[in-house]
Amino acid sequence: MNVRILFFAGLREALGTGSESLALPAGIATVGALRDHLAARGEPWTALATTKNLRAAVNQQMLGLDAAVKAGDEVAFFPPVTGG
Amino acid sequence: MSVSVQQADFDAGAEIAALAAGRDEVGAVASFVGLVRADKSAAGVGAGDSAVQAMTLEHYPGMTEKALTAIVDEARGRWDIYGVRVIHRIGRLLPGDRIVFVAVASAHRGEAFAACEFIMDYLKTRAPFWKKEETPAGGRWVDAREGDDHAAGRWATDGD
């Protein structure tokens, strides 16, 4: 089962995509490790590593980069929120 | 339905009336309306190239509603309140347009004021919305303000 990965706002624009589905690579067990895996693709994916105060959510709950990720999860990456 | 995410405008007066309708235990309704500001702080009076001509609000469908509902639930746990209404608009908005509405009904003003401010402070830092401004110089994503984190932090309890 894949992980569904979502990107929002300036990060979505920098990456040129809002979502992808990925077979979770062996050894990737946290949000931070998934972020590093994607950023290692090179440009423009390095934006995942350079976005200031990058935030993440797992299954629509905002969590830290140390949060666990498993197959079937929905993982989102985005800049700090600016609503209201 | 206490939480709405919608493109359409809202009628603050009608929402406030609905919160208190048929509930004679309500003695206070506190409300907040956020508007799109033509930002004149960035470059002084007049603003020139940095003047905001329009704003587009993006959000994370599904998570947004969950995050807002969680914030309302937390407010209900902290204060003795009878009703809450939160409306956040999305899509393209113009200066002067209403963006966000929060109203809280309670027996007395203290709970209503506090819960209303709490909900706004948490919404600012926990609900997945992002603003992109249109200016004469082009589009720019709004940066999060450190002050918003401090405002939300004021409400932290030992359990947080």
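Residues numbered from 1 in each chain as written. Chains lettered and ligands numbered in written order. Predicted model: local features only at pLDDT ≥ 70, side-chain atom pairs only at ≥ 80, totals over all residues. Heavy atoms only, no water.

Draft legend 1. A look at the side chain of Asp148 of chain B. Residues and elements named next belong to chain B. Of note, Asp148 is situated in helix H4 (residues 146-153). With relative accessibility at 18%, the residue Asp148 sits in the buried group. Beyond its immediate chain neighbours, meaning those up to four positions away, Asp148 contacts Lys124 and Thr125. (Helix = DSSP H or I, 4+ residues; strand = E, 2+ residues; numbered from the N terminus. Buried < 20%, exposed > 50% of the residue type's maximum accessible area, 1.4 Å probe, protein only. Contact = heavy atoms within 4.5 Å.)

Draft legend 2. Highlighting the sheet that holds strand E7 (residues 129-135) of chain B. All names here are of chain B. Taken together, four strands build an open sheet; the order of strands is E5-E3-E7-E8 and the sheet is antiparallel. Whereas interior strands pair on both sides, the edge strands pair on one side only; in this sheet they are strand E5 (91-93) and strand E8 (138-141). Taken over all neighbouring pairs, the strand axes of this sheet differ in orientation by 25° on average, direction set aside. (Pairing = 2+ DSSP bridges. Axes fitted to C-alpha atoms, helices over the stretch in contact; angles between N-to-C directions.)

Draft legend 3. Just unusual backbone geometry, in detail. Residue and element names in this part refer to chain A. The omega torsion of the bond from Glu43 to Pro44 falls at -5°, within 30 degrees of zero and hence cis. For Pro44, the location among the structural elements is in the loop between helix H2 (31-39) and helix H3 (47-50). One non-glycine residue, Gln60, lies in positive phi territory at about 70°. Mapping Gln60 onto the fold places it in the loop between strand E3 (55-58) and strand E4 (61-63). Overall, Gln60 belongs to the buried group, its relative accessible area being 17%.

Draft legend 4. Geometry of the side chain of Arg35 of chain A. Among the structural elements, Arg35 of chain A can be located in helix H2. When sequence neighbours within four positions are dropped, the list of residues in contact with Arg35 of chain A reads Leu48, Ala49, Leu54, Leu65 and Phe77 of chain A.

Draft legend 5. Region of the structure containing the environment of Val142 of chain B. Residue position: Val142 of chain B is located in the loop between E8 and H4. Its relative accessible area of 25% is what places Val142 of chain B among the partly exposed residues. Through-space distance from the C-alpha of Val142 of chain B to that of Ala70 of chain B is 25 Å; in sequence the pair is 72 residues apart. Dropping the residues within four chain positions of it, Val142 of chain B is found in contact with Thr82 of chain A together with Lys131 and Glu133 of chain B.

Draft legend 6. A look at helix H1 (residues 12-20) of chain B. Residue and element names in this part refer to chain B. All of the buried residues along H1 are Ala12, Glu15 and Leu19. Seen from one end, H1 has its buried residues packed into an arc of 65°, which puts them on one side. The secondary structure elements touched by the buried residues of H1 are strand E2 (28-35), strand E4 (81-89) and strand E6 (98-106). Where H1 begins, the side chain of Asp11 points an oxygen toward the backbone nitrogen of Gly13, at a separation of 3.1 Å. One or two positions beyond H1, positive phi appears at Gly22, with a value near 70°. (Arc of directions from axis to C-beta. Polar contact = N/O pair within 3.5 Å; in protein donor to acceptor, adjacent residues only side chain to side chain.)

Draft legend 7. Spotlight on the pattern of salt bridges. All names here are of chain B. Counting across every chain of the model gives 16 salt bridges over all chains. Here Arg98 ties to Asp9 by a salt bridge, and the two come within 2.7 Å at their closest N and O atoms. Separated by 89 residues along the polypeptide, Arg98 in strand E6 and Asp9 in the loop between strand E1 (3-6) and H1 bring together distant segments of the chain. Where salt bridges share partners, they join Asp9, Arg89 and Arg98 into one cluster. (Salt bridge = Lys/Arg side-chain N within 4 Å of Asp/Glu carboxyl O.)

Spatial relationships are all this shows, so hold off on functional conclusions.
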